[in-house]
Amino acid sequence: MVSKESCRNEIRAAIEQLSERCLHSAAKWAGEQLVGIEQDPSNFTPSNTRFQRGSSSIRRRFSTHESISTPQPSVGFSHAATPLPEEDEVTDCDLYYLAKSYFNCREYRRASHVLRDQMSKKSVFLRCYALYLAGEKRKEEEMIELEGSLGKSDAINRELVSLERELSALKRTGAIDSFGLYLYGVVLKEKGNETLARASLVESVNSYPWNWNAWSELQSLCTSIEILNSLNLSNHWMKEFFLASAYQELRMHTESLAKYEYLQGIFSFSNYIQAQTAKAQYSLREFDQVEIIFEGLLRNDPYRVEDMDLYSNVLYAKEACAALSYLAHKVFLTDKYRPESCCIIGNYYSLKGQHEKAVMYFRRALKLNKKFLSAWTLMGHEYVEMKNTPAAIDAYRRAVDINPCDYRAWYGLGQAYEMSGMPFYALHYFRKSIFFLPNDSRLWIAMAKCYQTEQIYMLEEAIKCYKRAVNCTDTEGIALNQLAKLHQKLGREEEAAVYFEKDLERMDGEGLEGPNMLEALVFLATHFKTHKKFEEAEVYCTRILDYSGPEKEKAKSLLRGIRMEKTGFPSMDMEHFPL
């Protein structure tokens, strides 16, 4: 059993070791989890406990999620403890400190040069890591020089070959530590050798499980549940964070939420867990829950920008213009040159209908980070709104290049080709999107509409798609209405009546009115009269009389016919006698 105090001590030591190796993002992540462990109020300052109290309301409100039945541990995890590695001696500490200073100033080649003769594992890692980042920096510069800030380029990191040669030699001789294995995995991944990269990263996290960067790289290589299950991972509590994140990327949102609920047994106040929970809820389209979580996060951490672009997507979907305006203003004042900030501001302008300005901010986000996936997708949406189909297709393709599992980009491509009058291409991309998100009714409806086009006209396939949409909880009721109409078109009156009745029941339940309701009432009244079910027909006819227009006259005619058939005499309504 791993206790809270044990986790706390492990993370404290890991933060020092990660910071020493300039793995700043991993150290930041570890720091957030350290503060996320519930503290003893008697041993800490009011500011610490106040920070945690700010998170407690979110945890309480979310922890009752009905679909999660995983038990929470009250005091610890049933995981094996991994001993903290001892730091190896650096031959010349002064040189290491100088190299570290150069590294922190982004002078990577100077840092690497300073450590050229140092042979400790710590020095070797920092030298190779600095060289890798120097190559990445030069690659970005070449891409901008050759193709512009958003152009495509074949530029590569020219340090990968020498780094692979050196790190593989160190691995063969056993002169490499877990950090070196992490970097070796990154290099192999960049060179396209995913199998060896996975093996190296697994070895790294098994020997040193506190490096979140290594887990993140490993997760990016787990593109299927089969690959994930094949990993031979040690039973450490960090593995739970990895699995929760991996499940989310693999669209196993219920499993991911269960893992995060379990982790809250120790990390009760982790902002990271709350943000990841919000992401899973967003994928499940539970926008009210997501809004509650993000509101709490901003109260607790008012200058947070990370993940706030997702919050802006929720506000956009809910058309909460005032709240989105406030959020955009807030991040603009906090850090306007973050990709997340630019996307939030872009969403605000999009909601206002100012699509050109929205595109400008999405492009700015991509200039700051060309691999910022949501910016490409959102920019594609804007181009669709502007009827600029070629630009939309290009934006969506760039998103797919970054993440081939992003269903939104595939769906966007389908929409763009549908707008271009190319339903076969649209159908192909809608199928792709459904492969990655099979439980979204919108995707099934989009595919059904392709089957209904004149070029394809496969109505039976369209019916199958609409049935899947109904099973996926089509909240807008499009699928039921279309199923009724398609069966009517194919002469299947009984099936059409069933779906019209279901659609009518849905509209009554939601208190809706409109042409779809009137259409259903007219069909059902006619259908039941034809089949001599006069009582049901009269009910529907009576409801139609509340409307004006030709449908009302048709209902009167049907009622006259019903009474004639029931009595054998013409209707004696006064309005039929001439004055």
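In this convention, every chain numbers its residues from 1, walking through the sequence in written order. The model is predicted, so local features are restricted to residues of pLDDT at least 70 and side-chain atom pairs to those at 80 or more, both for listing and for counting; the totals for chains, interfaces and linings are taken over all residues. Each side-chain value is derived from all of the structure's non-hydrogen atoms; neither hydrogens nor water enter the calculation.

**Examining the UniProt feature "repeat: TPR" (unreviewed entry) in the protein chain**
UniProt positions are given in the numbering used here, feature names are shortened, and annotations may be inferred rather than shown by experiment. Following the UniProt record, one finds the feature "repeat: TPR" (unreviewed entry) at residues 339-372, 373-406 and 407-440. Secondary structure follows DSSP: runs of H or I at least 4 residues long count as helices, runs of E at least 2 residues long count as strands, and numbering of each begins at the N terminus. When the span residues 339-372 is considered, its composition is 79% helix and 0% strand, and the gap between its end C-alpha atoms is 7 Å. Across residues 373-406, the secondary structure splits into 79% helix and 0% strand, with the terminal C-alpha atoms separated by 9 Å.

**A closer look at helix 27 (residues 493-510)**
Expected span of a helix: the number of residues minus one, times 1.5 Å. End to end, helix 27 covers 26 Å across 18 residues, agreeing with the expected 26 Å (1.5 Å per residue, within 8%). Taken as a whole, helix 27 has its buried residues at A496, A497, Y499, F500, D503, L504, R506 and M507. Here, residues are in contact when the closest pair of their heavy atoms is within 4.5 Å. The secondary structure elements touched by the buried residues of helix 27 are helix 25 (459-471), helix 26 (478-489), helix 28 (515-530) and helix 29 (534-544). A positive phi of about 70° marks G511, the residue just after helix 27. The classification of residues rests on relative accessible area computed with a 1.4 Å probe and restricted to protein chains. Under 20% of the type maximum is buried, over 50% is exposed, and intermediate values are partly exposed.

**Topic: the packing of aromatic side chains**
A ring pair, where both rings are aromatic, is described by two values, the distance of the centres and the angle of the planes. A pair of Phe, Tyr and Trp rings is counted when the ring centres sit within 6.5 Å of each other, with Trp represented by its six-membered ring. The angle between the planes then sorts it: under 30 degrees is stacked, over 60 is edge-to-face, the rest tilted. Evaluated as defined, the whole model comprises 27 aromatic pairs. Here the aromatic rings of F125 and F179 are separated by 5.8 Å at their centres, their planes lie at 55°, and the arrangement is tilted. One end of the pair, F125, is in helix 6 (residues 121-147); the other, F179, is in helix 8 (residues 178-190), with 54 residues separating them in the sequence. A relative accessible area of 4% places F179 in the buried class. Ring pairs connect the aromatic residues W29, W212, W237, F241, Y260, F267 and Y272, which therefore count as one cluster. Throughout this description, the term charge over a ring refers to an Arg CZ or Lys NZ atom that lies within 6 Å of the ring centre and within 35 degrees of the ring normal. Here the basic side chain of K432 rests over the ring of W410, its NZ or CZ set 5.0 Å away from the ring centre.

**So, a negative patch on the surface**
Together, E501, E505, E535 and E536 make up a negatively charged patch on the protein surface. Along the chain, E536 falls in helix 29. Put simply, a patch holds well-exposed residues, over 30% relative accessible area, that have no salt bridge, with like charges counted together within 9 Å and Val, Leu, Ile, Met, Phe, Trp or Tyr side chains within 5 Å. Where accessible areas are quoted, they stem from the Shrake-Rupley method and a 1.4 Å probe; at the residue level, only the protein chains shown are allowed to cover. By salt bridge we mean one thing: a side-chain nitrogen of Lys or Arg within 4 Å of a carboxyl oxygen of Asp or Glu. When charges are counted, neither His nor the chain ends are considered; positive counts come from Lys and Arg and negative counts from Asp and Glu. By convention, charge coordinates are those of NZ in Lys, CZ in Arg, CG in Asp, or CD in Glu.

**Topic: the side chain of S268**
Along the chain, S268 turns up in the loop between helix 13 (253-263) and helix 14 (271-283). According to the relative accessible area criterion, S268 is buried, its value standing at 4%. Think of a polar contact as two N or O atoms within 3.5 Å of one another; within protein, one of them needs to be a possible hydrogen donor and the other a possible acceptor, and neighboring residues in sequence only count if both atoms come from side chains. In this structure the side chain of S268 is engaged in a polar contact, spanning 3.1 Å, whose partner is the backbone oxygen of Q264.

**Looking at the confidence of the model for the protein chain**
Confidence scores here are pLDDT values: one per residue, from the predictor, ranging 0 to 100. Looking at the protein chain as a whole, its pLDDT mean stands at 87, while 88% of the residues score no less than 70. Within the model, pLDDT remains below 50 along residues 60-75, and this stretch shows 31 contacts once partners closer than five positions in the same chain are excluded. Low pLDDT, under 50, characterises residues 574-579; the stretch is placed with four contacts to residues that sit more than four places away or in other chains.

**A short note on the packing of helix 18 (residues 339-351) against helix 20 (residues 373-385)**
To get an axis, fit a line to the C-alpha atoms, keeping to the stretch in contact for a helix; angles then go from 0 to 180 degrees between the N-to-C directions. Contact geometry of helix 18 with helix 20 gives a least axis separation of 11 Å together with a crossing angle of 15°. Relative to helix 20, the element helix 18 is oriented roughly parallel. Where helix 18 crosses over helix 20, the two elements pack in a sense that is left-handed. Contact residues: C343, N347 and S350 in helix 18; S374, A375, L378 and E382 in helix 20. Any angle that is under 35 degrees is reported as roughly parallel, and any over 145 degrees as roughly antiparallel; angles of 65 to 115 degrees are reported as roughly perpendicular and all others as oblique. Take the far helix as the reference: if the near one is turned anticlockwise from it by less than a right angle, the crossing is left-handed, and if turned clockwise, right-handed.

**As for the pattern of salt bridges**
Counted under the stated rule, the structure contains 30 salt bridges. K279 is the partner of D307 in a salt bridge, and the nearest nitrogen-oxygen pair spans 3.3 Å. With D307 in the loop between helix 15 (287-300) and helix 16 (308-317) and K279 in helix 14, this residue pair connects regions lying 28 residues apart in the sequence. What makes D307 buried here is its relative accessible area of 11%. The class of K279 is partly exposed, set by a relative accessible area of 28%. The salt bridge involving E510 is made with R506; its shortest N-O contact spans 3.4 Å. A residue pair is termed a helical-turn pair when its members lie 3 or 4 positions apart in one helix, as E510 and R506 do in helix 27 at four residues. Since its relative accessible area comes to 15%, R506 is described here as buried. Ionic contacts of the salt-bridge type, sharing partners, join the residues R138, E141, E142 and R158 into one network.

**Side note on the environment of L131**
Within the secondary structure layout, L131 lies in helix 6. When the C-alpha atoms of L131 and A111 are compared, they prove to be 8.3 Å apart, with 20 residues separating the residues in sequence. The residues contacting L131, other than those within four sequence positions of it, are R109, S112, E159 and L163.

**With respect to the environment of L378**
Summarising the element assignment, L378 is placed in helix 20. The spatial distance from the C-alpha of L378 to the C-alpha of F362 is 7.3 Å, given a sequence separation of 16 residues. Leave out the neighbours within four places in its chain, and L378 touches N313, C343, N347 and F362.

**Concerning unusual backbone geometry**
Despite not being glycine, R251 shows a phi value in the positive range, around 65°. Despite not being glycine, K387 has its phi angle at roughly 60°, a positive value. Here K387 is to be found in the loop between helix 20 and helix 21 (389-402).

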